[in-house]
Amino acid sequence: MDEQRHALRGRLLVATPPLVDPNFDRAVVLMLEHGEDGSLGIILNRPSEIALEDVLPEWRAFAASPSVVFTGGPVSPDAVIALGRAGSEEIEGWVPLIDDLGTVDLGRDPLDLGVPLEELRVFVGYAGWAPEQLEGELRANA
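Source: prediction; values computed, not measured.

Trainee: Report on the overall build of the protein, specifying residues and quantitative values.
Mentor: Looking only at helices and strands, the protein features 3 helices and 9 strands. From first element to last, N terminus to C terminus, the protein shows the α and β order α-β-β-β-β-α-β-β-β-β-β-α. Against the compact-globule benchmark of 14 Å for 142 residues, the protein has a radius of gyration of 15 Å, which places it among compact chains. Seen through its C-alpha atoms, the protein measures out along the principal axes to roughly 45 × 35 × 20 Å. The 142 residues of the protein split such that 41% are buried. A separation of at least 24 residues holds for 58% of the contacts in the protein among residues at least 6 apart in sequence. Only carbon and sulfur atoms are counted for the fraction: they give 50% of the accessible area of the protein, which is about 8,100 Å².

Shown next as C-alpha coordinates:
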(Lines give C-alpha, C1' and ligand atoms only; values in the text may rest on other atoms or scores of the structure.)
Protein backbone atom coordinates (compact mmCIF):
# COMPACT_ATOMS: atom_id res chain seq x y z
CA MET A 1 0.00 0.00 0.00
CA ASP A 2 2.90 2.42 0.67
CA GLU A 3 3.96 2.14 -2.98
CA GLN A 4 0.43 3.07 -4.10
CA ARG A 5 0.38 6.01 -1.68
CA HIS A 6 3.64 7.37 -3.06
CA ALA A 7 2.65 6.59 -6.63
CA LEU A 8 -0.44 8.84 -6.48
CA ARG A 9 1.52 12.02 -5.72
CA GLY A 10 1.77 13.99 -8.95
CA ARG A 11 -0.83 11.82 -10.72
CA LEU A 12 -4.06 12.94 -12.34
CA LEU A 13 -7.36 11.46 -11.23
CA VAL A 14 -10.48 11.81 -13.38
CA ALA A 15 -13.90 11.55 -11.74
CA THR A 16 -16.25 9.01 -13.30
CA PRO A 17 -20.05 8.54 -12.97
CA PRO A 18 -19.94 6.28 -9.86
CA LEU A 19 -18.75 9.38 -7.97
CA VAL A 20 -22.02 11.22 -7.32
CA ASP A 21 -20.57 14.26 -5.54
CA PRO A 22 -21.41 17.31 -7.72
CA ASN A 23 -18.18 19.01 -6.56
CA PHE A 24 -16.29 16.47 -8.64
CA ASP A 25 -18.52 16.12 -11.72
CA ARG A 26 -16.10 15.79 -14.67
CA ALA A 27 -13.24 16.91 -12.44
CA VAL A 28 -9.58 16.36 -13.23
CA VAL A 29 -7.61 16.34 -9.98
CA LEU A 30 -3.86 16.68 -9.58
CA MET A 31 -2.77 14.80 -6.47
CA LEU A 32 -0.41 16.88 -4.34
CA GLU A 33 -0.20 14.61 -1.30
CA HIS A 34 -1.32 11.08 -0.50
CA GLY A 35 -0.45 9.32 2.72
CA GLU A 36 -1.63 7.67 5.91
CA ASP A 37 -3.21 10.92 7.13
CA GLY A 38 -5.31 11.34 3.98
CA SER A 39 -4.98 12.91 0.57
CA LEU A 40 -4.95 16.38 -0.95
CA GLY A 41 -5.31 17.49 -4.54
CA ILE A 42 -6.56 20.35 -6.66
CA ILE A 43 -9.20 20.34 -9.37
CA LEU A 44 -7.47 21.62 -12.49
CA ASN A 45 -10.41 22.26 -14.80
CA ARG A 46 -12.59 24.77 -12.89
CA PRO A 47 -11.74 28.35 -13.94
CA SER A 48 -13.63 31.07 -12.10
CA GLU A 49 -14.68 34.50 -13.32
CA ILE A 50 -12.16 36.21 -11.01
CA ALA A 51 -9.21 37.77 -12.81
CA LEU A 52 -5.87 36.94 -11.18
CA GLU A 53 -4.76 40.55 -11.49
CA ASP A 54 -7.76 41.64 -9.36
CA VAL A 55 -6.60 39.61 -6.36
CA LEU A 56 -2.85 39.10 -6.90
CA PRO A 57 -1.67 41.79 -9.33
CA GLU A 58 2.01 41.21 -8.50
CA TRP A 59 1.77 37.66 -9.94
CA ARG A 60 -0.06 38.61 -13.17
CA ALA A 61 3.10 38.66 -15.29
CA PHE A 62 3.71 34.97 -14.53
CA ALA A 63 0.16 33.74 -15.17
CA ALA A 64 -0.83 31.10 -17.71
CA SER A 65 -3.81 31.79 -19.93
CA PRO A 66 -6.59 32.21 -18.95
CA SER A 67 -5.31 34.56 -16.27
CA VAL A 68 -8.05 33.79 -13.75
CA VAL A 69 -8.28 32.18 -10.35
CA PHE A 70 -9.33 28.52 -10.46
CA THR A 71 -11.57 26.68 -8.01
CA GLY A 72 -9.32 23.95 -6.63
CA GLY A 73 -11.99 22.13 -4.66
CA PRO A 74 -14.67 22.35 -2.00
CA VAL A 75 -12.39 22.12 1.04
CA SER A 76 -11.14 25.32 2.72
CA PRO A 77 -12.24 27.92 0.17
CA ASP A 78 -9.92 30.41 1.92
CA ALA A 79 -6.86 28.26 1.18
CA VAL A 80 -4.78 29.28 -1.83
CA ILE A 81 -2.46 26.92 -3.71
CA ALA A 82 -0.38 28.03 -6.68
CA LEU A 83 1.19 25.85 -9.35
CA GLY A 84 3.76 26.94 -11.85
CA ARG A 85 6.68 25.83 -13.97
CA ALA A 86 10.22 26.56 -12.85
CA GLY A 87 13.31 24.55 -11.93
CA SER A 88 13.33 20.98 -10.69
CA GLU A 89 15.29 21.72 -7.50
CA GLU A 90 13.52 22.69 -4.29
CA ILE A 91 14.34 26.12 -2.91
CA GLU A 92 12.60 28.36 -0.40
CA GLY A 93 9.24 29.30 -1.92
CA TRP A 94 9.34 26.61 -4.64
CA VAL A 95 8.60 22.88 -4.24
CA PRO A 96 8.81 20.75 -7.41
CA LEU A 97 6.10 18.13 -7.86
CA ILE A 98 6.72 16.62 -11.32
CA ASP A 99 9.81 17.70 -13.28
CA ASP A 100 9.50 21.50 -13.55
CA LEU A 101 5.88 21.66 -12.26
CA GLY A 102 5.53 22.57 -8.62
CA THR A 103 3.95 24.70 -5.93
CA VAL A 104 4.77 28.35 -5.41
CA ASP A 105 4.67 30.31 -2.13
CA LEU A 106 2.50 33.32 -3.00
CA GLY A 107 3.55 35.01 0.25
CA ARG A 108 6.93 35.78 -1.30
CA ASP A 109 7.85 38.61 -3.63
CA PRO A 110 7.54 37.08 -7.12
CA LEU A 111 10.70 38.86 -8.26
CA ASP A 112 12.62 37.38 -5.33
CA LEU A 113 11.59 33.76 -5.87
CA GLY A 114 14.99 32.62 -7.10
CA VAL A 115 13.71 30.50 -10.00
CA PRO A 116 12.47 31.52 -13.47
CA LEU A 117 8.73 31.08 -12.92
CA GLU A 118 6.30 30.53 -15.81
CA GLU A 119 2.75 29.29 -16.37
CA LEU A 120 1.40 30.22 -12.91
CA ARG A 121 -2.09 29.04 -11.95
CA VAL A 122 -3.74 29.99 -8.67
CA PHE A 123 -6.36 27.76 -7.03
CA VAL A 124 -8.69 28.57 -4.13
CA GLY A 125 -9.78 25.60 -2.08
CA TYR A 126 -8.68 22.03 -2.61
CA ALA A 127 -9.95 18.46 -2.74
CA GLY A 128 -9.31 16.47 0.39
CA TRP A 129 -9.88 12.90 1.51
CA ALA A 130 -9.79 11.32 4.97
CA PRO A 131 -7.47 8.33 5.50
CA GLU A 132 -8.53 5.42 3.25
CA GLN A 133 -11.39 7.45 1.69
CA LEU A 134 -9.61 7.89 -1.65
CA GLU A 135 -8.64 4.22 -1.72
CA GLY A 136 -12.33 3.33 -1.37
CA GLU A 137 -13.28 5.63 -4.24
CA LEU A 138 -10.55 4.11 -6.39
CA ARG A 139 -11.77 0.58 -5.62
CA ALA A 140 -15.27 1.69 -6.70
CA ASN A 141 -13.80 3.06 -9.96
CA ALA A 142 -15.20 6.48 -9.08
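Trainee: Please set out the pairing of strand β2 (residues 28-35) residue by residue, giving values where relevant.
Mentor: When you tally the buried positions in β2, you get 6 out of 8 residues, the bulk of the element. Two elements, strand β1 (residues 12-14) and β2, share 3 bridges in a ladder whose sense is antiparallel. Residue pairing across strands places valine 14 opposite valine 28, the latter belonging to β2. Pairing between β2 and strand β3 (residues 38-43): 6 bridges, direction antiparallel. Bridging across to β3, glutamate 33 finds its partner in leucine 40. Counting the residues that bridge the hairpin from β2 to β3 gives 2 residues.

Cut-off values and rules
- Residues numbered from 1 in each chain as written.
- Predicted model: local features only at pLDDT ≥ 70, side-chain atom pairs only at ≥ 80, totals over all residues.
- Heavy atoms only, no water.
- Helix = DSSP H or I, 4+ residues; strand = E, 2+ residues; numbered from the N terminus.
- Rg over C-alpha atoms; globule rule 2.2 N^0.38 Å.
- Buried < 20%, exposed > 50% of the residue type's maximum accessible area, 1.4 Å probe, protein only.
- Contact = heavy atoms within 4.5 Å.
- Areas by Shrake-Rupley, 256 points an atom, 1.4 Å probe, with all protein chains shown as cover.
- Pairing = 2+ DSSP bridges.

Fair warning: the whole summary comes from geometry, so function is off the table for now.
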